[in-house]
Amino acid sequence: MPVLRINGHTVPVAQGSLNVKPIEVGSRVMSYNNTAIFQRSNLKRSISFTTTPLSEMDAEALKGLIRGVGEYWSFDGDANGSISASEFPAYLYSNKGVRPLTVGTATAQQTSSVKYGAGSLQADRILTYPTSVLSGMTDITINAWVSHGGASDNPSGDDEYILIAEDGSNNNVIRLTRDESDNNLVFYTKSNSGTAGNVTYSTNPWTGTGNFHMVTAVLRNNPEGTENFKELYFNGTSVASTTTATTGPTLSNITTFKIGNNSSSNTRWDGYIDELMVVPYAATSDIISAWYNMDKSMSSLPKVYVDGDVILDDLLTTEFIGHINSSKFIYAGDEIKEVISVVLEET
C-alpha cells in the first residue's frame, strides 16, 4: 500500500516530513456518585507533510487535487420535483449546490444503468448551468463516465454533446462530443479570435448504453516545453494530444454552459452520463489514471478521499479537507521546482 493517496493518486511525500496528529473533537459528561466524568466523543486526525520537488505542471495539478476545487455531479440525488414548474430535482444539482438554469422536461434520472451510486443523467435537448462554474479558470479538466450505443443510436447524424461551453458569437468554445459521421470522441476548442482545433479518438469506442467508459479532456492554457496544450483520455489512458496552443478559449467570455446537449433534440447525448466533474486545473496523466483505477464514485468535493499506510486504510472511504500551507521554490535539475506544504484534516 502507498504511504499516502488522495482520491487514488499516490502523493510524493518527502522523506521524514510526514506527521499525523490526533485531535479530540467534542466531549460529553457523565455523573457517577455526584462526580462528573468527562469522556471524549470523537477522535479525528490531522496529517501534515511536504512533497518532494515538483515541476510546475505537477505542482499545480496536485494543489487543485488536494484542495478539492471544481464541481462534481454524481446525479444520485432524489428525483422529486417538477421540472415544468422549475422545481428542479436534487439529482441535477452539483455536490456544492450549483442549480441548473434551464432543464428540458424530458430530462430524466436513470437508475438502472449507472456507473456508480444511485443514478446517472439521461439528457434532453436543454440542460444549462451558470457559467460561474467556469469562473476564474484558465486551465480546465472535464471528466465523466459515459455510455453510448454507437451509430445506431443517432439516426439524425448530428454531433452529440457530453458538454459544451461557448460565447454568443460561437467563439471561446469548449466541447466534448461524439462525432456525427464516424463515432469518434472529439475534444474541440476555439479561441477568442476564432482559431479552432480538435483532438480525436478515432476507435469507435462505444459499446452500448449499459457499458460506461471514462472520458477526460484536459486543457493546459500555458504549456511549457513538451507539455501538451490539449489532451484526450479514454479509460484513464491518453489517446490524443497536441502541443499547439493557438485555439485556447478565454473562459471568462463564455456565456453558455450546457451538459448533455446543444439545444436541440438531435444533439442530446443518446446514452447516459455519470460522475461528471469540471475542475480548474490541468490534471496530469498520473491523476487521471488514479481516478480510473480508484473504481468508485468521486469524493464529495471539496472533501477528498485519503488512504494509505499513514491511516492504515486502503478502502478510499475516509474523507479529509485539504489545505495548502505554503510553497517553496528551489532550483533543481536545471529548472525551478516547487515543494508544497500540505495539511489534511479528517472530517
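Residues numbered from 1 in each chain as written. Predicted model: local features only at pLDDT ≥ 70, side-chain atom pairs only at ≥ 80, totals over all residues. Heavy atoms only, no water.

Engineer: What's the story with helix H1 (residues 56-67) in this structure? I'm lost.
Structural biologist: An α-helical segment advances 3.6 residues per turn. Residues three or four places apart therefore align on the same side. In this model H1 runs 17 Å from its N-terminal to its C-terminal C-alpha over 12 residues, within 8% of the 16 Å that 1.5 Å per residue would give. Taken together, the buried positions of H1 are Ala59, Ala61, Leu62, Lys63, Gly64, Leu65 and Ile66. (Helix = DSSP H or I, 4+ residues; strand = E, 2+ residues; numbered from the N terminus. Expected span 1.5 Å × (residues − 1). Buried < 20%, exposed > 50% of the residue type's maximum accessible area, 1.4 Å probe, protein only.)

Engineer: Just checking my understanding: could you explain the nonpolar core for this structure?
Structural biologist: Nonpolar side chains in soluble globular proteins generally cluster together in the buried interior. Counting residues in each nonpolar core, the largest one holds 43 residues, and the members touching the most others are Trp73, Leu176, Leu185, Leu232, Phe257 and Val278. In terms of residue count, strand S10 (residues 140-148) provides more of this core than any other element does, 4 residues in total. Beyond its immediate sequence surroundings of up to four residues, Leu185 is in contact with Ile162, Leu176, Thr177, Val199, Thr200, Tyr201, Trp206, Val215, Leu232 and Phe234. (Core = buried A, V, L, I, M, F, W, Y, C linked by side-chain atoms within 4.5 Å. Contact = heavy atoms within 4.5 Å.)

Engineer: Is there a simple way to explain the layout of surface pockets in this structure?
Structural biologist: Gaps left between atoms are located by rolling a probe of water-molecule size over the structure's atoms. In this structure, the largest pocket encloses a volume near 420 Å³. Contributing to the lining of the largest pocket are 21 residues, with Glu60, Asp139, Pro280, Tyr281 and Ala282 lying nearest its centre. Residues belonging to the lining of the largest pocket are distributed by class as follows: 7 nonpolar, 6 polar and 8 charged. (1 Å grid on protein atoms, 1.4 Å probe; cavity = no way out; pocket = protein on both sides within 12 Å on 5 of 7 lines; lining within 4 Å. Points joined across faces, edges and corners; volume = space filled by probe spheres on them. Nonpolar A, V, L, I, M, F, W, Y, C, P; charged D, E, K, R; others polar.)

Engineer: How do you make sense of the pattern of salt bridges when you look at a structure like this?
Structural biologist: A side chain with one charge may pair with a side chain of the opposite charge, provided their charged atoms come close. Per the stated rule, a full pass over the model turns up 9 salt bridges. The partner of Asp307 in a salt bridge is Arg5, and the shortest N-O contact between them spans 2.6 Å. Placement of Asp307 in strand S20 (residues 303-307) and of Arg5 in strand S1 (residues 5-6) is noted, with a sequence separation of 302 residues between them. Of the two residues examined, Asp307 and Arg5, each falls in the buried class. Residue Glu166 is joined to Lys258 by a salt bridge in which the shortest nitrogen-to-oxygen separation is 3.9 Å. One end of the pair, Glu166, is in strand S11 (residues 160-166); the other, Lys258, is in strand S18 (residues 256-259), with 92 residues separating them in the sequence. Because the salt bridges share partners, they merge into one network encompassing Glu60, Lys63 and Glu338. (Salt bridge = Lys/Arg side-chain N within 4 Å of Asp/Glu carboxyl O.)

Engineer: I would appreciate a short explanation of a nonpolar patch on the surface in the present structure.
Structural biologist: There is a patch of nonpolar side chains on the surface, built from Phe329, Tyr331 and Ile336 and spanning about 390 Å² of accessible area. Note that Tyr331 resides in strand S21 (residues 319-332). (Patch = residues over 30% accessible without salt bridge, like charges linked within 9 Å, V, L, I, M, F, W, Y side chains within 5 Å. Areas by Shrake-Rupley, 256 points an atom, 1.4 Å probe, with all protein chains shown as cover.)

Engineer: What is the right way to look at the pairing of S20 in this model?
Structural biologist: Residues in a regular strand project their side chains so that they alternate between the two faces of the sheet. Of all 5 residues in S20, 4 are buried; the element is thus mostly enclosed. Of the strand pairs in this sheet, S1 and S20 are connected by 2 bridges, and their pairing is antiparallel. If you follow Arg5 over to S20, its bridge partner there is Asp307. Bridge count for S20 against S21 is 3 bridges, and the pairing is antiparallel. Residue pairing in the sheet places Tyr305 in a bridge with Glu319 of S21. (Pairing = 2+ DSSP bridges.)

Engineer: What's the story with the sheet that holds S18 in this structure? I'm lost.
Structural biologist: Hydrogen bonds between backbone groups are what pair the strands of a sheet, and the pairing can be parallel or antiparallel. As summarised here, the arrangement of the 7 strands in space is S6-S9-S18-S11-S12-S13-S14, forming an open sheet in which the pairing is antiparallel. Bordering the open sheet on either side are strand S6 (102-103) and strand S14 (196-201), each of which pairs with just one other strand. The pairing of strand S9 (residues 127-129) with S18 spans 2 bridges and is classified as antiparallel. Paired with Tyr129 across the bridge in S18 is Phe257.

Engineer: Where do I start with the environment of Ser181 in this structure?
Structural biologist: You can see Ser181 is positioned in the loop between strand S12 (173-178) and strand S13 (185-190). Looking at Ser181, the relative accessible area reads 64%, which means it is exposed. Here the alpha-carbon distance between Ser181 and Asp159, two residues 22 residues apart in the chain, equals 8.0 Å. Engagement of the side chain of Ser181 in a polar contact is seen with the side chain of Asp179, the distance being 2.7 Å. (Polar contact = N/O pair within 3.5 Å; in protein donor to acceptor, adjacent residues only side chain to side chain.)

Engineer: For this particular structure, what's the right way to read empty space enclosed by the protein?
Structural biologist: Scanning the model with the defined rule gives 3 cavities of 30 Å³ or more in all. Of the voids in this model, the largest cavity is the one considered here, and its volume is about 80 Å³. Every residue lining the largest cavity is listed: Tyr72, Tyr116, Asn143, Trp145, Met214, Glu275, Met277, Trp291, Met294, Lys296, Ser297 and Met298. Counting residues per element, the ones that place at least two in the lining of the largest cavity are S10, strand S19 (271-279) and helix H2 (285-294). In the lining of the largest cavity, the residues fall into 8 nonpolar, 2 polar and 2 charged. Lining the second largest cavity, in full, are Asn7, Gly64, Leu65, Gly68, Val69, Met277, Val279, Tyr281, Trp291, Met298, Leu301 and Val304. Of all elements in the fold, only H1 and S19 reach the threshold of two or more residues within the lining of the second largest cavity. Counted by class, the lining of the second largest cavity contains 9 nonpolar, 3 polar and no charged residues.

Engineer: Any chance you could explain the confidence of the model for the protein chain here in plain terms?
Structural biologist: When pLDDT is low, close inspection of the predicted coordinates is not appropriate. The predicted model of the protein chain has a mean per-residue pLDDT of 92, with 95% of residues at 70 or higher. Taking the mean pLDDT of every element in the protein chain, the minimum, 78, falls on strand S3 (residues 19-32) and the maximum, 98, on strand S5 (residues 71-73). (pLDDT = per-residue confidence, 0-100.)

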